[in-house]
Amino acid sequence: MLLIKRKDRIDNEEQTQWERVQRAIDRMNHQVEDVLDYLRVTPIQKSVYLLSSMFKDSIERIKIPDFISINPPKNEIMVYCDPEKIEVVLVNLIMNAIQAMAGNSGSITISGFEDEEKNTVIEVTDTGPGIPTELIHKIFDPLFT
């Protein structure tokens, strides 16, 4: 609380340091939440939600670097799902895309469509280098990034 009250009286260098501390705290919190999400078994709460709303909620959980542009879904698509679980997936995919771009500028695009069998497909694409062939078999391993 003291830090928050004092925030209006610090110089730019201190402000930058506090922002780094806050980002580190956010990263640690995200990692702990990931582990807890993996360990916790929670019931699925399905309903119909807009992909754009889940996307917006996911983006609010992430600090997006200035050099990365995020392209939201262009069409309004309804998804029958557990929105909290889909948001976790979207956050992880977006974070992985940001990490894969390794400080280079790029873009991440989220889209959704219905396939021939009437399944909803959510697609996350980025302009990063892609997943190395030797690691592709690990992408669904718990805590692999």
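Refer to the structure above for everything that follows.
Now for a quick tour of the structure. Every chain's residues receive numbers from 1 upward, in the order its sequence appears when written. Restriction of local features to residues with pLDDT of at least 70 applies here, the model being predicted, together with a cutoff of 80 or more for giving and counting side-chain atom pairs; totals for whole chains, interfaces and linings are based on all residues. Excluded from the side-chain calculation are hydrogens and water; included are all heavy atoms of the structure.

**Focus: the pattern of salt bridges**
- For this document, the term salt bridge refers to a Lys or Arg side-chain nitrogen within 4 Å of an Asp or Glu carboxyl oxygen. Counted according to the given criterion, the structure contains 4 salt bridges.
- Linking K56 and E60 is a salt bridge whose minimum nitrogen-to-oxygen distance equals 3.2 Å.
- Given a relative accessible area of 49%, K56 falls into the partly exposed group.
- In this structure E60 comes out as exposed when scored by relative accessible area, which is 56%.
- E87 is paired through a salt bridge with R61; the nearest N and O atoms lie 3.2 Å apart. Taken together, the residues E87 in helix α4 (residues 83-100) and R61 in the loop between α3 (51-59) and β2 (68-71) connect sequence positions 26 residues apart.
- We classify E87 as buried; its relative accessible area is 8%.
- Only protein chains enter the accessibility calculation, which uses a 1.4 Å probe; a residue whose area is less than 20% of its type maximum is buried, one above 50% is exposed, and one in between is partly exposed. Given a relative accessible area of 41%, R61 falls into the partly exposed group.
- One continuous salt-bridge network, built from bridges that share partners, spans R61, E84 and E87. Helix and strand labels come from DSSP, where a helix needs a run of H or I of at least four residues and a strand needs a run of E of at least two; each type is numbered from the N terminus.

**Some points on the packing of α3 against α4**
- Orientation is described by lines fitted to C-alpha atoms, with helices fitted over the stretch in contact, and by angles between N-to-C directions that extend from 0 to 180 degrees. The contact between α3 and α4 brings their axes to 9 Å, and the two run at 55 degrees. Judged by the inter-axis angle, α3 sits oblique to α4. In the packing of α3 onto α4, the handedness of the crossing is right-handed. Contact residues: M54, F55, D57, S58 and I59 in α3; P83, I86, E87, L90, V91 and I94 in α4.
- Its residues assigned to classes, the contact of α3 with α4 comprises 8 nonpolar, 1 polar and 2 charged. Roughly parallel here means an angle under 35 degrees, roughly antiparallel means over 145, roughly perpendicular means 65 to 115, and every remaining angle is called oblique. What makes a crossing left-handed is the near helix being turned counterclockwise from the far one by less than a right angle; a clockwise turn instead makes it right-handed. What makes two residues a contact is simply this: any of their non-hydrogen atoms within 4.5 Å. Residues are grouped as follows: Ala, Val, Leu, Ile, Met, Phe, Trp, Tyr, Cys and Pro are nonpolar; Asp, Glu, Lys and Arg are charged; all remaining types, including Gly, are polar.

**Looking at the sheet that holds β2**
- Spatially, the 3 strands line up as an open sheet ordered β2-β4-β5, and their pairing is mixed. Sheet topology places β2 and β5 (120-126) at the edges, where each strand pairs with a single neighbour. Across this sheet, the average inter-strand angle for adjacent strands is 15 degrees, counted without regard to direction.
- Should DSSP find at least two bridges between two strands, the strands are regarded as paired. Bridging between β2 and strand β4 (residues 106-114) involves 4 bridges; their strand directions are parallel. Looking at the pairing, N71 lines up with T109 of β4.
- The strands touched by α4 within the sheet are β2, β4 and β5, with β5 carrying the most contacts at an inclination of about 20 degrees.

Purely geometric stuff here, so don't read any function into it on its own.
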